[in-house]
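Chain by chain, the residues:
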Amino acid sequence: MPSNTIVERVAADLRKYPPFDTLGADLLEDLASSITVSYHDDGEIIFSKGDALKASAFMVMKGAVRLFDTIDGEEVLVDMCDEGDIFGVRALVGGTNYLLCAQVAEESLVYDIPVEKIKRLIAADNGVSNFFAGEFAKSLQEMERTLTSAFSQRHQRFSQQSYSSFLEHETLEVQPVTSVMTCPPDITIREAAKIMADCNIGSILVASPANHPLGIITDTDLRKKVVAMAGAVNERPVNEIMSSPVYTITGGKTVADMVMLMVKTKLRHFCITEDGTPGSPIAGMISEHDIITSEGNNPAVIMKEIMSAEGMEQLKIERDKAETLLGVYLGQNVAVHFITSIMTEINDAIIVRSIRMALDAMEAEGMKRPSVPFCWLSLGSEGRREQLLRTDQDNAIIYRDAPPEESESCHQFYLELGRRVTGMLEGAGFVRCPAEVMASNPQWCQPLSEWKRYFHQWIATPEPKAVMHSTIFFDFRPVDGDASLAGELKKGIFAEMEKGRGFLEFFAKNALQNPPPLGFFRNFLVEKSRDHANEFDIKSRAMMPLADAARVLAYELRIPDFLSTVERFQKIAVLDPPLKDLALEAASAYDFLIRLRAENGLEQVSSGRYIKPESLNKLDRQMLRNVFSTIGHIQQTLNMRFQLDYIRD
């Protein structure tokens, strides 16, 4: 057994990296005491392809180890493991031989971790189990083929529930009232009522001398029970009208927990005690009002406030609350698709309220509303329901063609509407689009016939500018007004595409403009621009390639729904069985990217687009590297599907 000093040093090293960073001191020390520390020279082979599996997995503590395969006589680099990376885990999942060769890339210090110890930790600790059940628990051959298992393991840690019910996902913790007003059981009804009136509270707990809950008096008790009593009731003791026993709970309850309790018990007040029983001191109180408001960060409350807002400042306040809510959801590992759904509903509510306020103001100023209906379109990330943070605006207005004599007045009215709404959205924190792709731009506030002409031109003549517009405008989604206009426009697009496959080929070609940075392993491919030097652009280098691919396939398959990138991949998996595994893999990858960008944006108080590589933990770095592999596979699929090698630029 290693000396105590060595064990302490090994334990300190392990504590820096997942999955061992969350282990308790006893488990960590026990693991450290079983580890063998080995030194390896540059070029040394730790194991070769075809070797029998060893009884240990390996963790790089200093230096680097390259994993490679030999295909047709040529070495193909699969991964480069640096400090904190684990390799050789095939021994955990069975098999007889290694599928890759592990060679030291520079002088390295490696920890040999007994497989049996890892298996015991997997059985004893959920964090370790989830870690090894993901990417590190698959054979490297499977890693090259699919990432679905790894991403699904991470996804399961974020949510064990179905999206079908809001309450199942409402994991916000209800903040209780801790300064609970109490009274003794022999106080008079009049005195208790006076305390409630003076403190402006709707209930008061009746407590014993040891501060244990005996009962509760509410406004309802005062209204119903006192009125029903005969004689002089004001001087009678409160224990005659209190509701008893009090329903006691422990702290830390979520909104879902409390709503289920309300449904089950038909009660509206719950007393928190130190151990959750009536025989321990009072620690707090939760009422129906607390459950509904939950410090104002309940999405239903935010939505209600938005729809009753009277000005731009109120919209900004509620969107600020939504951003706080986003941080809470991310911190509590709520499922990404639930978060995007909630944030989209809030963003849409802000848009709809802005439109209502603008129309009311224009009517008050004597502007006559046209007889033809309109539809407000969200474009880009908001059109795809993926705008978690307040990035720049992308929107447009489409309206029914008006009679010739009303055409100009109709255009001016809706253009003015676009100007006012985009101004209010800017005031709420959504910055203006640098390229002016907004409803305030006359070019993007047009009747249906003109929008059909736009798309006809882009599809019939897919030159670079047209393809660029397509990547923005093909993600349109109706938010307010007559949604049938958006439906007609999409049908028109499909009809144009039926005339020839050429546009889809150019569309697919454009989706390959951002190839994944598969050439790096130890270092991320970072930007060199002055503003974002040495930062990684997660939008252009990871998210856009997947979003572009999903868009191409969705339009090729004539999917009429207005879907997010993840939803598109999920739909593609159903409609095109040969693509099922890859599409689900891509959906999970994009889910991970949305979360990573949002977490970075909240931390950096930015759009989250640019990430400092050193800020990523080991698991996220590995997951991001896996995303690049997924992007490579899906771009190869597009290349073969549309025979893009035969299309000249």
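Residues numbered from 1 in each chain as written. Predicted model: local features only at pLDDT ≥ 70, side-chain atom pairs only at ≥ 80, totals over all residues. Heavy atoms only, no water.

Here we look at the overall build of the chain
We apply this condition: Helix numbering and strand numbering both begin at the N terminus, where a helix is a DSSP run of H or I of at least 4 residues and a strand a DSSP run of E of at least 2. Each residue is placed in one exposure class: buried if its accessible area under a 1.4 Å probe, protein chains only, is under 20% of its type's maximum, exposed if it is over 50%, and partly exposed if it falls in between. We call two residues in contact whenever any of their non-hydrogen atoms come within 4.5 Å of each other. Accessible areas in this description were obtained via Shrake-Rupley with a 1.4 Å probe; residue shielding takes into account the shown protein chains only.
Counting its regular elements, the chain contains 25 helices and 18 strands. Looking at the chain as a whole, 51% of its 649 residues qualify as buried. Restricting to contacts in the chain with at least 6 residues of sequence separation, those with at least 24 account for 72%. When the accessible area of the chain is evaluated, it comes to approximately 29200 Å², of which 51% is carbon and sulfur surface.

Side note on the pattern of salt bridges
To keep things clear, this is the line we draw: Salt bridge criterion: a side-chain nitrogen from Lys or Arg within 4 Å of a carboxyl oxygen from Asp or Glu.
Per the counting criterion, the structure on display carries 36 salt bridges. Notably, a salt bridge pairs Arg551 with Asp548, separated by 2.9 Å at the nearest N-O pair. Of the two residues, Arg551 and Asp548 both sit in helix H22 (residues 538-556), three residues apart, roughly one turn of that helix. For Arg551, a relative accessible area of 2% puts it in the buried group. Here Asp548 falls in the buried class, since its relative accessible area comes to 6%. Between Arg641 and Asp576 there is a salt bridge; the shortest N-O distance is 2.5 Å. Note that Arg641 is positioned in helix H25 (residues 618-641) and Asp576 in the loop between helix H23 (565-575) and helix H24 (580-604), a separation of 65 residues in sequence.

Focus: the pairing of strand S11 (residues 269-273)
Rules: Here the rule is simple: two strands pair whenever DSSP picks up at least two bridges between them.
Of all five residues making up S11, four are buried, and the element is well covered by its neighbours. Taken together, the two bridges between strand S10 (residues 248-249) and S11 define a ladder with parallel strand orientation. Across the sheet, residue Thr248 finds its bridge partner in S11, namely Cys271. For S11 and strand S12 (residues 282-287), the ladder comprises five bridges, and the chain directions are antiparallel. Residue pairing across strands places His269 opposite Ser287, the latter belonging to S12.

Some thoughts on the layout of surface pockets
Here is the rule we go by: Put simply, the grid is 1 Å and covers the protein atoms alone, a cavity is a trapped set of points that fit a 1.4 Å probe, a pocket is an open set with protein on both sides within 12 Å along at least five of seven lines, and lining residues have an atom within 4 Å of a point. Grid points are joined across faces, edges and corners, and a volume is the space filled by probe spheres set on the points. In this classification, Asp, Glu, Lys and Arg are treated as charged, Ala, Val, Leu, Ile, Met, Phe, Trp, Tyr, Cys and Pro as nonpolar, and every other residue, Gly included, as polar. Each domain's limits were defined by an automated method or a database of domain assignments.
Volume-wise, the largest pocket comes out at about 1000 Å³. Surrounding the largest pocket, 37 residues form its lining, Ser381, Asp392, Asp394, Lys539 and Arg609 being those nearest its centre. Only helix H16 (380-383), helix H19 (464-473), H22 and H24 provide two or more residues apiece to the lining of the largest pocket. If one sorts the elements of the lining of the largest pocket by residue count, H22 sits on top with six residues. Residues that form the lining of the largest pocket fall into these classes: 16 nonpolar, eleven polar and ten charged. The two domains that each donate at least three residues to the lining of the largest pocket are domain 3 (299-469) and domain 4 (501-646).

Remarks on the side chain of Gln446
Along the polypeptide, Gln446 turns up in strand S15 (residues 445-447). Under the relative-accessibility criterion, Gln446 is labelled buried at 14%. Ignoring anything within four residues of it in the chain, the contact list for Gln446 reads Ile397, Ile398, Tyr399, His411, Trp451 and Tyr454.

Brief notes about empty space enclosed by the protein
Scanning all chains against the criterion turns up five cavities of 30 Å³ or more. Computed from the structure, the second largest cavity encloses a volume of approximately 130 Å³. Along its surface, the second largest cavity is lined by 14 residues, and Ile351, Glu382, Gln387, Gln393 and Asn395 are the ones closest to its centre. Elements with a contribution of two residues or more to the lining of the second largest cavity: helix H15 (336-364), strand S13 (374-378) and H16. Residue composition of the lining of the second largest cavity, grouped by class: five nonpolar, six polar and three charged.

A word on the confidence of the model for the chain
The line we're drawing: pLDDT: the predictor's confidence for each residue, scored from 0 to 100.
Scored by pLDDT, the chain has a mean of 83; 86% of the residues are at 70 or more. Low pLDDT, under 50, characterises residues 135-169; the stretch is placed with 83 contacts to residues that sit more than four places away or in other chains.

Quick notes on the side chain of Asp221
Definition in use: Throughout this description, a polar contact denotes any pair of N or O atoms lying within 3.5 Å of each other; where both atoms belong to protein, one of them has to be capable of donating a hydrogen while the other can accept it, and for residues adjacent in sequence the pair is counted only when both atoms sit in side chains.
Looking at the secondary structure, you find Asp221 in helix H10 (residues 219-228). Residue class for Asp221 comes out buried when judged on its relative accessible area of 6%. From its side chain, Asp221 meets the backbone nitrogen of Thr218 in a polar contact 2.9 Å long. Excluding its chain neighbours within four sequence positions, the residues that come into contact with Asp221 are Ile216, Val226, Ile241 and Ser243.

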